[in-house]
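Overview (structure and organization)
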Amino acid sequence: MDTVSFWKKPEYRAAVAMFVVVFVGYLVTLAPTVTFWDAGEFLAASKTLGIPHPPGTPVFTFVANVWAKIIPFGSYSYRVNLMSAVFSATAATFFFLVVLHTLKSKVTEEGDHLFAYGGAVAAALCSAFAFTVWQNSNEAEVYMVSAFSIAACCWLAWLWRSYRGTSRAAHMLLLMVYVAAFSIGNHLLTLLVGPALVGYMWHVMRSEPQQDPKEASIEWTQWAVVAGIWALLIGSGLGSQTILVMGGLAFAAAAIYSVATGHVRFPVAVLLISVVGVSTYLFLYIRAGLNPIINEADPSTWESLLAVIRREQYPPRSPLDNPIFPSGFDNPGRSLTIIGLQVLNYLQYFDWQWSNGLAPTKPIFDFIRLPFTLLFTSLGILGLRVLYNKDRSVFWLLALTFLITGPGLVAYMNFRPGFSLGFDKFPDISQHEVRERDYFFLISFQTWGLFCGIGLAGLYRIVRDYVTATGGAVQRATRMASPVFVIALMPFVLNFKAASRGHGPETGLALDFSYDLLQTIEPYGIVFTNGDNDTFPLWYLQEVEEIRQDVAVVNLSLGNTDWYIRQLRDNPVRPFDPEQAPWYAHLAPETPPPPLHTLPDEDIAQVRPQVLGQDLRFAPAGTQIDLVIPAGQPIYVKDFLILRLIAENAHNRPIYFSTTAGSGNWLNMDQYLVQEGLAVKLYPNEPPPLSRLGQGILGIPVDLPRTDSLVWNIYRYAGLLDADTLELDPTNRNITSNLSLPYLTLFRAYDALGDDENALRNLRMVYQLTPSAEVRRLLDQAETAVLIGDVPEVLPDSTTDGNGSP
């Protein structure tokens, strides 16, 4: 199709306009910099062409790298965030075209064009601005690239139908297969649309059979080949030998059937195209062999590459298991209680989609959202009915997509109880997911949004027909019915506050928190972190913005793997830049220290978690540390790593634990630890100077002048200090609690010293960052000079783990 003919078609002009509208909505809410969770890792990996966590997402990595080089404006993070917005807006455009052509078919009555175009616009808007879809469209994440691939496959399936009987139909199928195979290198979510596409093709061929027996034979062989290759792709994407063999057999049977009926080229072309698409995984093998600075799971051998594809780094979980317990013969199995909570969790996420901005900090079902949830549930059901009556083939395409990516995923993923649900039955936080998992069900919410828009078209038709039936003119009926489409703007209006990453005091918090933590560490220091949110933003700051690359960030979750321990040894020691931290310039050694450790590969491979059979004494030569770990205590690989790094670096590097790592990782070395801002420093060689110490709240003293200088002169706080009040989501709220911890410690220390002025100054900052009723009560007491006493026991420990969980 040439450019002129493209612009002659009103549906394509409308599609471009639809893209612009959705894209602008994403643009005004785009995150200006790095965000929490996986975004920092993806940004750092794409900038360095590294390997993020399994399954490695090679497509996202190199596409983001190229995209960021092409876009000439904005920071690196802004450019990649923009890429997500473009992919998501394009997905909305493809879905717009599918719905438009479906509603447009057989339109003859006056006013029905508004039914088609209004319904398609409403579907695109409701779909694009559902909360979870929107939140993943304005940050660096893989899910909207998958949504683009799914929407593109749905549109290609529609085009296949329109080109049936011509050579272009086969071209659409080949392109659809390539998009699916290529997208495996981004995320396996794309493959979930496969059964819907196969079902759609089957229904089209059964309900609209080709009259020419030869053409009918060609279509059925193509259908069989597409179904077979999809099974093969699922096996390839999961790295499952069983599914791979079954998929291979299915494809082989389809190919034999195709050849037997005289159609040789199509299965050969499909197989070659699939191999080319899946070959993106070779990027992991090749790039890992070059030792990039981020090289998770190190897929530099065929065995380790297969382990990455299979996600062996993560504990396996069968749909039949109880997710709270490890998989195995002693797993009690999935209970009705667990299933009930999983269903409730999905309904909770569904409730967020249409009006979450009304109560963005209330994750549990909230009464104020209920009317809108019921409205969009009803519209979706009406849309399904309209779609069923209008085009049953498309009905099955979208309905199966919804069922597989929603209820089907609930059954397959078998998550632990949700981050904010089920604590009455499972009170231990470790029994719950570490974060909300709504993003896994993103496509189902997106598809339901399409049903809602089609439902609005149906509602428009009902009102229009009613006015006409009561004697109104067609034009008058159209005018009276058309305002129902305004309802499609509700998700945008009602989700704006919750979905925007470009507004609010927490914008930039991930960047500033990582900056603060890095700037706490003295030159060439080691800092132990624990989870995603206290590690990935640091990776971003070091690898993308090249800030404090001298600091060795050691993630203790990854410290349980042999490949990570090897990389800590082999990664280069990068120089300290005194301009980035001039307050520490006088502490920098003249020459950089040696690598973090010297453990050979064979020793690393032999380290195993164990329960100590006898006391283990840890007393590194030339240090004051003399620690006995008692028999019977479990010791994990990360614990051996901590001890080894301390032993080898006690005289070469400052050593810190981030406060987010938790005291459980201190290995009972409390007597050698001092809090300094957002980190806890180890003093292995000599006691800290007593003149600097104050009373802390973590069971260890605080370096009073160092912490005071850091929090008041060095640290950055995004927009938190300018906000009148803070209403934050759980992740930002917990990170903000970590930022308030040094102030709370300073309050305690100054209060113990009788320095009321400084105690009050720091307590006010605690309240600014964590405006709880307990802190308010304590602050009122202090400000009225009635009492400035110890921190009450009702004040929670402000430390959280690296994932933002208490």
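Refer to the structure above for everything that follows.
Residues numbered from 1 in each chain as written. Predicted model: local features only at pLDDT ≥ 70, side-chain atom pairs only at ≥ 80, totals over all residues. Heavy atoms only, no water.

Considering the overall build of the protein chain
Regarding its fold elements, the protein chain presents 31 helices and 11 strands. Overall, the C-alpha framework of the protein chain stretches about 90 × 65 × 55 Å when taken along its three principal axes. Considering the protein chain as a whole, with its 806 residues, one finds that 57% of them fall into the buried category. Considering only intrachain contacts with a sequence separation of at least 6, the fraction spanning at least 24 residues in the protein chain is 73%. Carbon together with sulfur atoms contributes 61% to the accessible area of the protein chain, which is approximately 32500 Å² in total. Between the averaged position of the 53 positive side-chain charges in the protein chain and that of its 70 negative side-chain charges there is a distance of 12 Å. (Helix = DSSP H or I, 4+ residues; strand = E, 2+ residues; numbered from the N terminus. Buried < 20%, exposed > 50% of the residue type's maximum accessible area, 1.4 Å probe, protein only. Contact = heavy atoms within 4.5 Å. Areas by Shrake-Rupley, 256 points an atom, 1.4 Å probe, with all protein chains shown as cover. Lys, Arg positive; Asp, Glu negative; His and termini not counted. Charge placed at Lys NZ, Arg CZ, Asp CG, Glu CD.)

Considerations on helix α20 (residues 442-469)
Spanning 28 residues, α20 covers 40 Å between terminal C-alpha atoms, matching the ideal 40 Å at 1.5 Å per step. Most of α20 is tucked away, with 20 of its 28 residues classed as buried. Two residues or fewer after α20 comes G471, characterised by a positive phi angle close to 105°. (Expected span 1.5 Å × (residues − 1).)

Brief notes about the packing of helix α3 (residues 39-48) against helix α4 (residues 58-70)
One way to put it is that α3 packs onto α4 with a least axis distance of 8 Å and a crossing angle of 70°. Overall, the two elements α3 and α4 adopt an arrangement that is roughly perpendicular. Our pair here, α3 against α4, has a crossing hand that is right-handed. Judged by residue contacts, F42, A45, S46 and K47 of α3 engage F60, T61, A64 and N65 from α4. (Axes fitted to C-alpha atoms, helices over the stretch in contact; angles between N-to-C directions. Parallel < 35°, antiparallel > 145°, perpendicular 65-115°, else oblique. Left-handed = near helix turned anticlockwise from the far one by under 90°.)

Description of the pairing of strand β2 (residues 552-555)
Of the two faces of β2, the one holding A552 and V554 and the one holding V553 and N555 are both buried throughout. Both strand β1 (residues 526-529) and β2 contribute to a ladder of 4 bridges, which runs parallel. Bridged to F528 within β2 is V554. (Pairing = 2+ DSSP bridges.)

Some words on the state of the cysteines
Here a disulfide denotes one covalent bond, and it connects the sulfur atoms of two cysteines. Going through the model one piece at a time under the given rule, you end up with 0 disulfides. Cysteine C126 shares no disulfide, and the gap to the nearest cysteine sulfur, in C452, comes to 5.6 Å. (Disulfide = S-S within 2.5 Å.)

Some points on the packing of aromatic side chains
Counted under the stated rule, the structure contains 40 aromatic pairs. Of note, R761 hangs over the ring of W712, and the distance from its end group to the ring centre comes to 4.1 Å. Above the plane of the ring of Y767 lies R776, whose end atom (NZ or CZ) is 4.8 Å from the centre. (Phe/Tyr/Trp six-rings, centres within 6.5 Å; stacked < 30°, edge-to-face > 60°. Lys NZ or Arg CZ within 6 Å of the ring centre and 35° of its normal.)

Focus on a nonpolar patch on the surface
Together, L336, I339, V343, L344, L347, I364 and F365 make up an exposed nonpolar region whose accessible area comes to about 600 Å². Following the sequence through the fold, F365 ends up in the loop between α16 (336-352) and α17 (370-390). Judged by relative accessible area, which is 39%, F365 ranks as partly exposed. (Patch = residues over 30% accessible without salt bridge, like charges linked within 9 Å, V, L, I, M, F, W, Y side chains within 5 Å. Salt bridge = Lys/Arg side-chain N within 4 Å of Asp/Glu carboxyl O.)

Digging into empty space enclosed by the protein
For the structure on display, the rule yields 2 cavities of 30 Å³ or more. Approximately 390 Å³ is the volume attributed to the largest cavity. Lining of the largest cavity is provided by 24 residues; of these, I293, V553, L568, N571 and R574 occupy positions nearest its centre. When contributions to the lining of the largest cavity are tallied by element, the ones reaching two or more residues are α24 (536-543), β2 and α25 (562-570). When residues of the lining of the largest cavity are assigned to their parent elements, the largest contribution, 4 residues, is made by α25. Looking at side-chain class alone, the lining of the largest cavity contains 14 nonpolar, 5 polar and 5 charged residues. In this model, the second largest cavity occupies a volume close to 40 Å³. What lines the second largest cavity is Q342, N345, Y346, V410, F415 and F441. With 3 residues, α16 is the largest single contributor of residues to the lining of the second largest cavity. (1 Å grid on protein atoms, 1.4 Å probe; cavity = no way out; pocket = protein on both sides within 12 Å on 5 of 7 lines; lining within 4 Å. Points joined across faces, edges and corners; volume = space filled by probe spheres on them. Nonpolar A, V, L, I, M, F, W, Y, C, P; charged D, E, K, R; others polar.)

Details of the pattern of salt bridges
Overall, the coordinates contain 29 salt bridges when judged by the stated rule. For R501, the salt bridge is made with E139, and the minimal N-O distance between the two is 3.2 Å. Taken together, the residues R501 in the loop between α22 (490-499) and α23 (509-520) and E139 in the loop between α7 (131-135) and α8 (143-162) connect sequence positions 362 residues apart. Grouping residues by exposure puts R501 and E139 together as buried. Its salt-bridge partner being D639, residue K638 comes within 3.2 Å of it at the nearest N-O pair. We note that K638, like D639, is buried.

Regarding the packing of α17 against α20
The geometry of α17 relative to α20 is characterised by a closest axis approach of 6 Å and an angle of 75° between their N-to-C directions. Taken together, the axes of α17 and α20 lie roughly perpendicular to each other. Of the residues in α20, those in contact with F376, T377, L379, G380, I381, L382, G383, L384, V386 and L387 of α17 are W448, F451, C452, I454, G455, L456, G458, L459 and I462. In terms of residue class, the contact of α17 with α20 is made up of 14 nonpolar, 5 polar and no charged.

What to know about the environment of I565
Summarising the element assignment, I565 is placed in helix α25. Once residues within four sequence positions are removed from consideration, I565 is found in contact with G559, H597, I604, V637 and L641.

Digging into the side chain of T61
When you line up the elements, T61 lands in helix α4. Within the local environment of T61, its side chain forms a polar contact with the backbone oxygen of T57, the two atoms lying 3.0 Å apart. Those residues in contact with T61 that sit more than four places away from it in its chain are A45, S46, L49, G50, P52, G56 and F283. (Polar contact = N/O pair within 3.5 Å; in protein donor to acceptor, adjacent residues only side chain to side chain.)

Some thoughts on the pairing of strand β9 (residues 679-682)
Of the two faces of β9, the one lined by A679 and K681 and the one lined by V680 and L682 are each fully buried. For strand β7 (residues 655-658) and β9, the ladder comprises 4 bridges, and the chain directions are antiparallel. Residue pairing across strands places S658 opposite A679, the latter belonging to β9. In this sheet, β9 lies alongside strand β8 (residues 673-676) in antiparallel orientation, the contact comprising 4 bridges. Residue pairing for β9: V674 is matched across the bridge by K681. Following β8, the chain reverses through 2 residues before pairing antiparallel with β9; G677 in that reversal takes a positive phi of roughly 65°.

A look at unusual backbone geometry
Glycine aside, a negative phi is what most residues show, and trans is what most peptide bonds show. For the bond running from P54 to P55, omega is 15°, close enough to zero to count as cis. Examined against the element boundaries, P55 turns out to sit in the loop between α3 and α4. The phi torsion at T57 lies on the positive side, around 40°, for a residue other than glycine. Counting through the fold element by element, T57 comes out in the loop between α3 and α4. The backbone phi angle of A297 is positive, close to 70°, even though this residue is not glycine. Along the chain, A297 turns up in the loop between α14 (282-288) and α15 (302-310). The exposure class assigned to A297 is buried, which follows from its relative accessible area of 13%.

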